[in-house]
Each structure stands twice: as C-alpha cells, then as structure tokens.
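# Summary of the model geometry
The residues making up each chain are set out below.
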Amino acid sequence: MKSIFDTVSFDCSKNVTKSYSTSFSAAVKMLAPSIRQDIYNIYGFVRFADEIVDTFHDYNKEHLFERFEKDLADALENKISLNPILNSFQHTVHKYQIPNTLIAAFMKSMKMDLHKKEYQTYDEYHEYIYGSADVVGLMCLKVFVNGDDKKFAELEHSAMRLGSAFQKVNFLRDLKADFEDLSRTYFPNTDLSRLDEQSKNEIIKEIETDFQVGFEGILKLPLEAKFGVYTAFVYYKKLLSKLKKTPSMEIKNTRIRVPDYEKIGLLAKCYVNYRLNLI
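This structure is a prediction, so every number in the text was calculated from the model and none was measured.

The rules behind these values
Residues numbered from 1 in each chain as written. Predicted model: local features only at pLDDT ≥ 70, side-chain atom pairs only at ≥ 80, totals over all residues. Heavy atoms only, no water. Helix = DSSP H or I, 4+ residues; strand = E, 2+ residues; numbered from the N terminus. Contact = heavy atoms within 4.5 Å. Buried < 20%, exposed > 50% of the residue type's maximum accessible area, 1.4 Å probe, protein only. Core = buried A, V, L, I, M, F, W, Y, C linked by side-chain atoms within 4.5 Å.

Bringing the side chain of Ser-158 into the picture now. Topologically, Ser-158 is positioned in helix α8 (residues 149-173). Not counting chain neighbours up to four residues away, the residues in contact with Ser-158 comprise Val-213, Gly-214 and Gly-217.

Time to look at unusual backbone geometry. Despite not being glycine, Gln-97 shows a phi value in the positive range, around 55°. Using a relative accessible area of 64% as the deciding quantity, one classes Gln-97 as exposed. One non-glycine residue, Asn-146, lies in positive phi territory at about 50°. Structurally, the position occupied by Asn-146 is in the loop between α7 (122-145) and α8.

A few words now on the environment of Glu-156. Relative to the helices and strands, Glu-156 is located in helix α8. Along the primary structure Glu-156 and Asp-6 are separated by 150 residues, whereas in three dimensions their C-alpha atoms are 30 Å apart. With sequence-adjacent residues up to four places away left out, Glu-156 is seen in contact with Leu-138 and Leu-141.

Let's shift gears to the nonpolar core. If you look at the biggest cluster of nonpolar residues, it comprises 82 residues, and the most contacted ones within it are Phe-45, Ile-103, Phe-106, Phe-144 and Phe-211. Sorting elements by how many residues they give to this core places α7 first, with 13 residues. With near-sequence residues (within four places) excluded, Ile-103 lies in contact with Phe-45, Leu-72, Leu-76, Phe-89, Val-93, Ile-98 and Met-139.

Given below as structure tokens:
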C-alpha cells in the first residue's frame, strides 16, 4: 500500500532531522503535531541537497547533484519518488502548494556551492542567502499559515529576514570549516584570514537587525507554529550572543556552540514566556 511507503518516507525525513540537528529537531517538537511532519519533510530535503555540496568530497558531487535535481523534478511531476526524502518533500509541496520558484531558487544557491568560493558583492551575497535560507523560511511559512494567502503575504518579509538571520549566524559559527575546509568566503568585503573586531561587529549588527524584523513576524504567527519558531529564534539569539562575546580571531579558529545544558534552560524559558503570553 502506498500509505505504508509514505509512512516510511516520513520516518526517514524525521530521522534525518534528528540525526543532523538536535537543536532544530527540538524546535520542531514544539510545533503543533498537525504540522511537524511537513517541517521534517522540508528539512530532510534541504539537508540532503546541502550534504551533497558540503561533505561528499570523495565523490563526484556535480554528478550527484544533477541526479538529485533530476529525481526532484520527477518527484514533483509524478507525485512519488523511490527516494524517501524526495517522496516526503513532494507530498508537502503539493499539500501546501509551495511554489516551484522557491524550490528553484534553493537549488540554484546549492549549485553555487559546487564551484563558487567567494562572494565579492552584496548582490551576490544576498542572492545566495535568498536561495539558501530565505526561501526555506517561506516554504515553512506556507505550512504555518495552512493556505491563508493573506497571512502569508503579511508575514513573508519577516520570515525571509528570520531565515537570513539564521543563515548568517551559521556562516559566522562555521567560519573555520567554510574558510579552511571548503575555501568559501560568504561575507563580502571581509578578509576572513584577518577577521578583526570591527568586521565581526558589523556582521553581528546586520544579523541583529534581521532578528528584530523576524521577531515581529513571530508574534503574528498562528498558534500551531509560534512556540516552535520562537524556540528556534531564542536558540539562535543565544548563539549570536556567544559569538558576539567571542574574540574575532577565536571565532576563526574554533566552532562556537550552545552546550546542551544551556539549551534545556532556554527551552524552559521559552515555555514560560509562551504560557504567560509574553510572545
């Protein structure tokens, strides 16, 4: 029965989320049960595409990506795929009528990572972030508003800015791996080999502005989504705070993280704020 295959596919997407990101997985658990699986399905898809370009160094990444791209097109057209991650994703795409323009923009940014090593202009930088992060936020927003086009339009800008903030925090956190292991430089006009406090603080100021706009949207989210998105927001804000306090040269030489005991404390704080209607 097709329903059994779909269940297996959904379980795969959920396991991918849990295996690759304990923090995001914890945030998804704070969403209403009615929308959790669809967010797992979106995450599984974007994670697999990202893994191809970021980690499969001993294989022909371009060939793998082209194969993944073709399988994606087939899945979207035929509404089924023997790749369980793509089968899950196409289910969510059709259920919430996620526009192909968002998916295409995401794949374009992922394809950039196959060859592009440096983003020298802000136009290039913003184009990459739009495709790699903003559109993912918009895919999730499609799920959160459950077909309410008016609500989607109202929250579209803030969802994009929140996606940008999350991605830029990831860039700063993963500076060492991106620069040394992948030879990538995302921040334009910034010499990462000699990252100084002024450059770091300019990047952080930009991220803080994105967070401010993103938070305004969180306040207007449907109840099914608000607590989970707020939990992710608080986690990333904490991570940014740690990066802000870390000397610039140390950021370049190590990966800053939020310890598990702090994550538990943040989750408890989020729950209290949510129950007291402070968000």
